[in-house]
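# Structure assessment
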Amino acid sequence: MSFWTTFLLVAISVALADVCWTMYIMASTQHKALRAGLWSTMIVLCGSFATISFIADRRLVFASALGAFIGTTLTVLWHKKKDANTN
């Protein structure tokens, strides 16, 4: 697999992991144990590919950082819009 393909896949997997982190935190604060547990499992699954990839090539840490920013930002913006529409 080419570097840029792996870079994109790592960024996507970390973005998804950060979506899962955001959802995990929300479920945890609402005391929804099963939902939080499922999100926690998804964090590990999504993050594993990125971790294995940047162990092999440290340059992919930048893809992880990019994915983290995108995943968290989009999830928070989505929830902000959702909350604004319900009020």
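Residues numbered from 1 in each chain as written. Predicted model: local features only at pLDDT ≥ 70, side-chain atom pairs only at ≥ 80, totals over all residues. Heavy atoms only, no water.

Now for the overall build of the protein chain. A count of helices and strands for the protein chain gives three helices and zero strands. Secondary structure elements of the protein chain occur, N-terminal to C-terminal, as α-α-α. Expressed along its principal axes, the backbone C-alpha trace of the protein chain runs to roughly 45 × 25 × 15 Å. Residue burial in the protein chain is summarised as follows: out of 87 residues, 30% are buried. A sequence separation of at least 24 residues applies to 70% of the contacts in the protein chain between residues at least 6 apart. Accessible surface computed for the protein chain: about 6,000 Å², of which carbon and sulfur atoms make up 72%. (Helix = DSSP H or I, 4+ residues; strand = E, 2+ residues; numbered from the N terminus. Buried < 20%, exposed > 50% of the residue type's maximum accessible area, 1.4 Å probe, protein only. Contact = heavy atoms within 4.5 Å. Areas by Shrake-Rupley, 256 points an atom, 1.4 Å probe, with all protein chains shown as cover.)

Before going further, it helps to examine the nonpolar core. Ranked by size, the top nonpolar core spans seven residues in total: Phe-7, Val-10, Ala-11, Val-14, Ala-50, Leu-60 and Ala-63. Considering each element in turn, this core owes the most residues, four residues, to helix α1 (residues 3-29). The residues touching Ala-50, leaving out its near neighbours within four places in the chain, are Val-10, Ser-13, Val-14 and Ser-64. (Core = buried A, V, L, I, M, F, W, Y, C linked by side-chain atoms within 4.5 Å.)

In a regular helix each residue adds 1.5 Å, so 26 residues correspond to 38 Å; helix α3 (residues 61-86) covers 38 Å between its end C-alpha atoms and thus fits that length. All buried positions along α3 are accounted for by Ala-63, Ser-64, Gly-67, Gly-71, Thr-75 and His-79. Looking at the packing, one finds that the buried side of α3 touches α1 and α2 (33-56). (Expected span 1.5 Å × (residues − 1).)

Our next topic: the packing of aromatic side chains. Scanning the entire structure with this criterion turns up four aromatic pairs. Geometrically, the ring pair formed by Trp-21 and Tyr-24 is edge-to-face, given 5.7 Å between the ring centres and 85° between the ring planes. Placement of the pair is Trp-21 and Tyr-24 together in helix α1, with a separation of three residues, close to one helical turn. Aromatic rings pair up to connect Phe-3, Trp-4 and Phe-7 into one cluster. (Phe/Tyr/Trp six-rings, centres within 6.5 Å; stacked < 30°, edge-to-face > 60°.)

Summed over all chains, the structure comprises zero disulfides. No disulfide involves Cys-20; its sulfur sits 4.3 Å from the nearest other cysteine sulfur, which is in Cys-46. Relative accessible area serves as the criterion here: at 4%, Cys-20 is assigned to the buried category. (Disulfide = S-S within 2.5 Å.)

Attention shifts here to the confidence of the model for the protein chain. Confidence in the prediction of the protein chain, expressed as mean pLDDT, is 91, and 99% of residues score 70 or more. Confidence scores differ between elements of the protein chain, with α3 showing the lowest mean pLDDT of 90 and α1 the highest of 93. (pLDDT = per-residue confidence, 0-100.)

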